[in-house]
Amino acid sequence: MTEAILLVGGKGTRLRPLTVHTPKPMVPAAGVPFLTHQLARARAAGVEHIVLATSYLAEVFEPHFGDGSALGLRIEYVTEEEPLGTGGAIRNAASRLHSGPDEPVLVFNGDILTGLDIRALVRTHETSGADVSLHLTQVTDPRAYGLVPTDGTGRVLAFLEKPQTPEEIVTDQINAGAYVFRRSVIDTIPAGRVVSVERETFPGLLAAGAHLQGMVDSTYWLDLGTPAAFVRGSADLVLGKAPSPAVPGRCGDRLVLPTARVAPDAKLAGGTVVGEGAFVAEGARVFGSTILPGAVIEPGAVVTDSLIGTRARVGERAVLTGTVIGDGAVVGAHNELREGVRVWCDARIPAGAVRFSSDR
């Protein structure tokens, strides 16, 4: 297989404020835009030509990746005037494909971090003679997902909406967001309108008697749609739990980019990333967090499972746990911010303004 479509048009609403100025696939994970990891893994699996289906902040992608030659790829860009959904985006990008009608085309979502064996998915597609093959993964609690039951040979039997009762949970297999399409099948998706591949295309194909094949691969898989998941995914890349040839350095407890500065007595652990030009001051402790370029962590601050935006500042002895600080925001000294807090871009929190304990 030599061609792929990568869906990178989403607004990343659940990730705000990270995505106010940056499309979700371009938010850094383990020191590089998350999209870089996906492109590198596709290239390692033999993909040569990738069409990026863009929409939100579409102008950001091409200046960074160019023609793809730096990654050993040929990248083209297709922009939706209006969001077309997953199926519509695939159909819109198809004009740039060169595959013959029966040749395989890889399609994958731009917000999934996975250890999927891409070559194995393609082999499954070819040996089964399927029209579409889907990567399926098994989850402990499938209630938040659409279920995809299969028969003993892996052939897809149905696409079931999110189950509401225990009786409706007939499988722990869910759609993991990577597919191999027979090229001619893509051409059957309606052009120029919103189409959901999950809710319309796949059920429609199944109803029409098409062969949809599932391949269960339960290696590492994570939907990076929320801030907590994104921070965890970045840390797992640094720790080596999630595979990627694009991590800019050795896997380990921390990743400090070349122009970043870290005080000798500062502690970094848990897959923490310190981006270009960022500074972690003396006595600071940072665990499992991402510090984006130009951000500053002042003396004695404690940052855990958090993401600190570009040029943001965390004040002296502030304590942050499970929080997201937007680009250019300032969290004053001695603040305490806990799980789920999002500080918007360029916001200012005065010193000691937010506390959970009764003293400083």
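Residues numbered from 1 in each chain as written. Predicted model: local features only at pLDDT ≥ 70, side-chain atom pairs only at ≥ 80, totals over all residues. Heavy atoms only, no water.

**Student:** Could you give an account of the UniProt feature "domain: Nucleotidyl transferase" (unreviewed entry) in the protein chain, naming the residues involved and the relevant values?
**Tutor:** UniProt feature "domain: Nucleotidyl transferase" (unreviewed entry): in the numbering of this structure it lies at residues 4–236. Between the C-alpha atoms that bound residues 4–236 the distance is 25 Å, and the span itself is 26% helix and 23% strand. (UniProt positions renumbered as here; feature names shortened; annotations may be inferred. Helix = DSSP H or I, 4+ residues; strand = E, 2+ residues; numbered from the N terminus.)

**Student:** Quick one: what's the story with the environment of Val-314, residue by residue and with numbers?
**Tutor:** Within the secondary structure layout, Val-314 lies in strand E22 (residues 313–314). Judged by its relative accessible area of 0%, Val-314 falls in the buried class. Taking the C-alpha atoms as reference, Val-314 lies 33 Å from Ala-40; in sequence the two are 274 residues apart. Ignoring any residue separated from it by four or fewer positions in sequence, one finds Val-314 in contact with Val-296, Ile-297, Glu-298, Ala-301, Val-303, Ile-308, Leu-320 and Val-331. (Buried < 20%, exposed > 50% of the residue type's maximum accessible area, 1.4 Å probe, protein only. Contact = heavy atoms within 4.5 Å.)

**Student:** Lay out the packing of aromatic side chains in plain terms, naming residues and giving numbers.
**Tutor:** Applying the stated rule across the entire model yields 6 aromatic pairs. Measuring from centroid to centroid gives 6.1 Å for Tyr-145 and Trp-221, while their planes differ by 65°, and the two rings are edge-to-face. Taken as a pair, Tyr-145 in the loop between strand E8 (132–138) and strand E9 (173–182) and Trp-221 in strand E11 (residues 221–223) lie far apart in primary sequence, 76 residues in all. Take Trp-221: its relative accessible area is 15%, and that puts it in the buried class. The interplanar angle of 90° and the centroid separation of 6.3 Å between the aromatic rings of Tyr-179 and Phe-181 together place this pair among those described as edge-to-face. Each member of the pair Tyr-179 and Phe-181 is classed as buried. Put simply, the rings of Phe-159, Tyr-179, Phe-181 and Phe-202 touch in pairs and so form one group of aromatic residues. (Phe/Tyr/Trp six-rings, centres within 6.5 Å; stacked < 30°, edge-to-face > 60°.)

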